[in-house]
Amino acid sequence: MRLVRVDPTLCQSAEICVSIAPGVFRLNDEGLSEVYNPEGADEATLQQAIDSCPFQAISWVEE
Ligand code: SF4
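Procedures and definitions
- Residues numbered from 1 in each chain as written.
- Predicted model: local features only at pLDDT ≥ 70, side-chain atom pairs only at ≥ 80, totals over all residues.
- Heavy atoms only, no water.
- Core = buried A, V, L, I, M, F, W, Y, C linked by side-chain atoms within 4.5 Å.
- Buried < 20%, exposed > 50% of the residue type's maximum accessible area, 1.4 Å probe, protein only.
- Helix = DSSP H or I, 4+ residues; strand = E, 2+ residues; numbered from the N terminus.
- Contact = heavy atoms within 4.5 Å.
- Near = heavy atom within 4 Å.
- 1 Å grid on protein atoms, 1.4 Å probe; cavity = no way out; pocket = protein on both sides within 12 Å on 5 of 7 lines; lining within 4 Å.
- Sits in = over half its atoms within 2 Å of the grid points.
- Nonpolar A, V, L, I, M, F, W, Y, C, P; charged D, E, K, R; others polar.
- Points joined across faces, edges and corners; volume = space filled by probe spheres on them.

(A) A look at the nonpolar core. Residues Val-4, Cys-17, Val-24, Phe-25, Leu-46 and Ile-58 are the most contacted members of the largest nonpolar core, which totals 16 residues. Breaking this core down by element, the ones donating at least two residues are strand S1 (2-6), helix H1 (16-20), helix H2 (43-52) and strand S4 (58-62). Looking at which element gives the most residues to this core, the answer is H2, with three residues. Apart from residues lying up to four places away in sequence, Phe-25 is in contact with Val-4, Val-6, Cys-17, Val-18, Ser-33, Glu-34, Val-35, Tyr-36, Leu-46, Ala-49 and Ile-58.

So this is what it looks like as structure tokens:
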């Protein structure tokens, strides 16, 4: 299964991923994006979030 993950060392809190897929990403207490529901959007939306992150902090992982 393909899931998205956020690398917290790359995330700069741009919050674009949260706007694109609020059902998947949210900012944690440190202001960094985290995946709270990997199945909260379809694959095309997740790919759009990956492509839109200015810091390339989001990627696919195979589970
Ligand atoms: S778009 Fe990228 S930098 Fe911005 S919050 Fe999401 S993962 Fe972090």
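(B) Layout of the site of the ligand. Neighbouring the ligand are Cys-11, Gln-12, Ser-13, Ala-14, Glu-15, Ile-16, Cys-17, Ser-33, Cys-53, Phe-55, Ala-57 and Ile-58. When atoms are counted within 2 Å of each cavity's grid points, the one that captures over half of the ligand is the largest cavity. Among the residues making up the shell around the ligand, the classes are represented as eight nonpolar, three polar and one charged.

(C) Inspection of empty space enclosed by the protein at higher detail. Throughout the structure, instances matching the rule amount to one cavity of 30 Å³ or more. Space inside the largest cavity adds up to approximately 100 Å³. Forming the walls of the largest cavity are 15 residues, and the residues nearest its centre are Cys-11, Ala-14, Glu-15, Cys-17 and Cys-53. Taken together, the residues that form the lining of the largest cavity break down as 11 nonpolar, three polar and one charged.

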